[in-house]
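So you can see what is in the structure, the chains are spelled out below.
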Amino acid sequence: MKTLAELKAIKDKVRRSVEIREHAEAETKILVGMATCGIAAGARPVLTVFVEELAKREIQNVMATQTGCMGDCQYEPVVEVISAGKEKVTYVKVTPEMAKKIVEDHIIGGNIVTEYTIGAARQ
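Note that the coordinates shown come from a computational prediction; the quantities given were computed from them, not determined experimentally. (Residues numbered from 1 in each chain as written. Predicted model: local features only at pLDDT ≥ 70, side-chain atom pairs only at ≥ 80, totals over all residues. Heavy atoms only, no water.)

Caption draft 1: Seen up close, the sheet that holds strand 4 (residues 89-91). The strand order 2-1-3-4 describes an open sheet built from 4 strands, whose pairing is mixed. Because the sheet does not close on itself, it has two edges, and the strands there are strand 2 (62-67) and strand 4. Here the average twist between neighbouring strands, direction ignored, is 20°. Summarising the sheet, strand 1 (residues 28-33) and strand 3 (residues 79-83) pair through 5 bridges and their orientation is antiparallel. By the bridge assignment, Leu-31 is partnered in strand 3 with Glu-80. Helix 3 (residues 43-56) rests against strand 1, strand 2 and strand 3 of the sheet, and its axis sits at about 165° to strand 2. (Pairing = 2+ DSSP bridges. Helix = DSSP H or I, 4+ residues; strand = E, 2+ residues; numbered from the N terminus. Axes fitted to C-alpha atoms, helices over the stretch in contact; angles between N-to-C directions. Contact = heavy atoms within 4.5 Å.)

Below you can see the structure in the form of structure tokens.
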């Protein structure tokens, strides 16, 4: 049996994860394509890493959530980062390790990880 303090900590952690996934007013949205092909390519652990990294770093005003088919099956898992007043950035073949770097460099640092983008993949 968990202590009341341990249960409260678990509740707070889950609440923060839900807030990150449902924060509709967020200035930045991280959308992970989770149609059948995305899930088969590993999108679920990618989304999990985004949510965990945002929570761990206590990043505010950023939402990470799933979306349907993005139409580029050969590039799955596909992740779009949409920030207010900026062009959408599409990352492709994203792994959990790449998701950590996207949070560090793009979300926190403001620098697009160009080698992970769809433009780099098409060259």
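Now that the structure is up, let's keep going.
Caption draft 2: Structural context of helix 3. Taking 1.5 Å of rise per residue, 14 residues should cover 20 Å, and helix 3 covers 20 Å from first to last C-alpha, within 8% of that figure. When helix 3 is considered as a whole, its buried residues turn out to be Ala-43, Val-46, Leu-47, Val-49, Phe-50, Val-51, Glu-53 and Leu-54. Immediately downstream of helix 3, the backbone of Glu-58 shows phi near 55°, a positive value. (Expected span 1.5 Å × (residues − 1). Buried < 20%, exposed > 50% of the residue type's maximum accessible area, 1.4 Å probe, protein only.)

Caption draft 3: Seen up close, the environment of Ile-59. Considering the arrangement of structural elements, one finds Ile-59 in the loop between helix 3 and strand 2. Sequence separation between Ile-59 and Ile-108 is 49 residues, and the spatial gap between their C-alpha atoms is 8.3 Å.

Caption draft 4: Unusual backbone geometry, seen in detail. Cis rather than trans, the peptide bond between Glu-76 and Pro-77 has omega equal to -10°. Notably, Glu-58 is not glycine yet its phi reads approximately 55°, a positive angle. Mapped onto the elements, Glu-58 comes out in the loop between helix 3 and strand 2. Residue classification places Glu-58 among the exposed residues on the basis of a relative accessible area of 60%. Not every positive phi belongs to a glycine, and Lys-93 is a case in point at roughly 50°. Here Lys-93 is to be found in the loop between strand 4 and helix 4 (96-108).

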